[in-house]
Amino acid sequence: MAPRFIQSLVPRKEKRNGGGTLRALKSLTFIQVLQFVTGWLAWTCDAFDFFCVSLSVNTLAAEFNKAPGQITTAITLTLLFRSLGAVVFGILSDRFGRKWPLVANLALVCSIEIGTSFVKTFPQFLAARALFGVAMGGIWGLAASTALENLPVELRGLGSGIVQQGYACGYLLASVVNLTVVPHTSHSWRTLFYAAACLSSSTAVLRALTPESAVFLRAKAIQKAHGGHAPGEKTKIFIHETKAMLKSHWKLCIYAILLMTGFNFLSHGSQDLYPTYLETSKGFSTHSATIATMISNCGAISGGAIAGWASQHIGRRLTIVIFILLVGAFIPLWILPTSFSALAAGAFCIQVGVQGAWGVVPIQLAEMSPPAFRATFPGVAYQLGNMISAASAQIEAVGGNNFRTTVTVNGVTKNVADYATVQGILIGVVSAYLIVITILGPENHASHFENAKTAFEEGAGADEMEEDIEKPHSIREMDGKDEDEAI
């Protein structure tokens with residue numbers, strides 16, 4: 001018999017409406033697929049731009065005549081300002097719908113990417129990255145809610161894993177451009193931002209052509225049928241319901257921020273300075289470091305999809321714990337070898353664990369969230385966690401200045417920063433923290449949050465459901481019952 005705390009991680013058995021994953025996939029409409037793809041693409045765009053800096057730290061240091069540790073200030077600023085964007089665009093999305101706030105967000109991202117490609121000084125570059133942080137902060141909550149709330153419940157675990165790995169796909173695409181295009185152009189690192197702007201603008205156009213989420217179309221239809229409220233009245237209701245939600249769910253808000261702080265330290269600590277770590281501490285060329293980064297992202301993509309699918313069957317928290325244990329198991333392979341093949345294998349394996357655990361995050365946060373605030377709550381929790389972990393790259397850079405090692409390149413031995421030891425310690429501590437806080441947290445597995453009222457309807461702050469859809473008074477009341485009893 002498994003220990004009680006392990007048993008508590010396994011959710012109640014989910015009732016399948018008409019079959020499993022394959023039948024649910026076959027039931028998808030073209031619009032549902034398109035909404036999912038636009039959410040995934042939006043997050044891919046964000047990651048592409050974010051990792052343009054990580055892939056170019058040494059090049060940017062030479063361009064602006066700065067130390068690599070100073071260049072990582074740009075990464076820190078981006079992470080610090082993301083929470084502001086999450087608040088602004090999350091509120092707009094929960095109040096007005098998923099479509100146009102995401103289009104506006106992507107357009108802003110595109111504009112800042114173009115601006116970044118034309119900066120001439122280091123202060124200008126820092127300012128552009130801070131502004132990008134605001135724009136980037138809004139994307140995740142809007143992208144995840146757009147992608148997941150339109151899927152059948154049976155597919156949300158798998159969908160979560162796939163949509164979250166838009167992050168790894170963006171990193172992978174940026175690595176490919178950095179490897180194949182940047183070395184052959186006179187524009188150097190600026191080419192990455194040109195490509196990012198093209199990707200963001202294309203995604204904005206696609207989202208503009210895709211219909212609004214069914215949840216908001218339904219809410220507006222119900223409002224119209226019942227006479228509705230004036231726009232100003234809806235805004236007053238939204239503010240009132242937001243206050244009600246914060247009053248009743250403030251403990252959940254704190255927990256979600258603590259959870260996402262750990263997750264952001266895990267991802268940024270294992271990824272942001274990874275190319276620099278290989279070039280500096282292991283003596284690899286930029287080309288080899290980029291290849292290893294691409295291999296690691298292949299591990300991330302596969303891990304995210306597998307973990308998302310598994311979480312639908314064994315639960316969100318148990319899946320997270322299993323994949324974080326994999327992270328701990330593969331830390332030695334990630335930092336100890338000296339050969340390219342062994343280090344690349346370690347990078348692949350550790351990112352299976354890191355992004356496998358991350359693959360469950362979108363659906364875990366969506367099901368945990370007050371259902372009417374599925375853009376604001378997860379997005380703000382995510383980005384506040386990002387803000388707290390913003391200094392992860394600088395922590396590693398400073399740590400590398402204090403932990404030193406030697407590396408021999410072309411017969412010359414150099415004293416260099418020991419990023420391997422620093423990253424190994426950081427990721428080990430963060431992994432232990434995440435296991436504990438995940439086990440202690442809540443789980444609303446297979447929640448039917450799509451049936452809840454939207455944030456501009458009265459009763460949304462109390463998690464009430466649409467009366468025309470289900471009998472239970474609130475979504476959490478329904479999730480506390482057996483499925484047969486609730487439907």
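Quantities reported herein were computed from a predicted structural model and do not represent experimental measurements. (Residues numbered from 1 in each chain as written. Predicted model: local features only at pLDDT ≥ 70, side-chain atom pairs only at ≥ 80, totals over all residues. Heavy atoms only, no water.)

**Focus: the pairing of strand E2 (residues 412-417)**
So the rule is basically this: Note: two strands are recorded as paired if DSSP finds a minimum of 2 bridges between them. Numbering of helices and strands starts at the N terminus; helices are DSSP runs of H or I of at least 4 residues and strands are runs of E of at least 2.
Pairing analysis gives six bridges linking strand E1 (residues 404-409) to E2, with the strands arranged antiparallel. Paired with Val407 across the strands is Lys414, a residue of E2. Where E1 hands over to E2, the hairpin turn is made up of two residues, of which Asn410 adopts a positive phi near 55°.

**With respect to the environment of Val153**
Defined as follows: Residue burial is assigned from relative accessible area. The probe radius is 1.4 Å, only protein chains are included, and a residue is buried under 20% of its type maximum, exposed over 50%, and partly exposed in between.
Along the chain, the position of Val153 falls in the loop between helix H7 (122-148) and helix H8 (156-164). For Val153, a relative accessible area of 10% corresponds to the buried category. Once the C-alpha coordinates of Val153 and His448 are considered, the two residues, 295 residues apart in sequence, prove to be 7.1 Å apart.

**Description of the nonpolar core**
Inclusion rule: Only buried residues count toward a nonpolar core, which is a set of Ala, Val, Leu, Ile, Met, Phe, Trp, Tyr and Cys residues joined through side-chain atoms within 4.5 Å. Contacts: residue pairs with any heavy atoms within 4.5 Å of one another.
Core analysis: the biggest nonpolar cluster contains 109 residues, and Phe125, Met260 and Phe263 have the highest contact counts within it. Of all the elements, H7 adds the most residues to this core, at 14 residues. Excluding residues that lie within four positions of it along the chain, Phe125 makes contacts with Val53, Leu60, Phe64, Ala74, Thr116, Val119 and Trp189.

**Topic: the pattern of salt bridges**
Our working definition: Whenever a carboxyl oxygen of Asp or Glu lies within 4 Å of a side-chain nitrogen of Lys or Arg, that contact is scored as a salt bridge.
With the rule as written, the count across this model stands at seven salt bridges. Residue Asp94 is joined to Arg98 by a salt bridge in which the shortest nitrogen-to-oxygen separation is 3.0 Å. Accessibility assignment for this pair places Asp94 and Arg98 in one class, buried. Put simply, Glu149 and Arg374 hold a salt bridge, and the shortest N to O gap is 2.6 Å. Placement of the pair is Glu149 in the loop between H7 and H8 and Arg374 in the loop between helix H17 (361-368) and helix H18 (376-388), with a sequence separation of 225 residues. Note on Arg374: relative accessible area 6%, which makes it buried. Salt bridges sharing common partners tie together Asp94, Arg98, Glu149 and Arg374.

**Observations concerning the side chain of Glu212**
How we decide: Counting rule for charge: Lys and Arg are taken as positive, Asp and Glu as negative, and neither His nor the chain ends is counted. In protein, a polar contact means a hydrogen-donor-capable atom and an acceptor-capable atom, both N or O and within 3.5 Å, with residues adjacent in sequence counting only if both atoms are side-chain atoms; elsewhere, any N or O pair within 3.5 Å suffices.
Structurally, Glu212 is set in the loop between helix H10 (190-209) and helix H11 (214-225). No salt bridge is formed by the buried Glu212; its nearest oppositely charged neighbour, Arg207, is found at 4.1 Å. Within the structure, Glu212 has its side chain in polar contact with the backbone nitrogen of Lys99 (distance 3.3 Å). The contact partners of Glu212, leaving out residues within four places of it in the chain, are Gln35, Phe96, Gly97, Arg98, Lys99, Arg207 and Leu217.

**Some points on the packing of aromatic side chains**
Condition: For Phe, Tyr and Trp, rings pair up if their centres lie within 6.5 Å, where Trp contributes its six-membered ring, and each pair is then called stacked (planes under 30 degrees apart), edge-to-face (over 60) or tilted (otherwise). In our convention, an over-ring charge means Lys NZ or Arg CZ found within 6 Å of a ring centre and within 35 degrees of that ring's normal.
Applying the stated criterion across every chain yields a total of 18 aromatic pairs. Centre to centre, the rings of Phe238 and Phe373 are 6.2 Å apart; their planes meet at 45°, and the pair counts as tilted. Of this pair, Phe238 sits in helix H12 (residues 231-271) while Phe373 sits in the loop between H17 and H18; the two residues are 135 residues apart in sequence, bridging distant segments of the chain. Here Phe238 matches Phe373 in class, with each residue buried. Ring pairs connect the aromatic residues Trp43, Phe50, Phe51, Trp140, Tyr167, Tyr171, Phe263, Trp358 and Tyr382, which therefore count as one cluster. In this structure, Arg82 is placed above the aromatic ring of Phe50, and the distance from its NZ or CZ to the ring centre is 5.8 Å.

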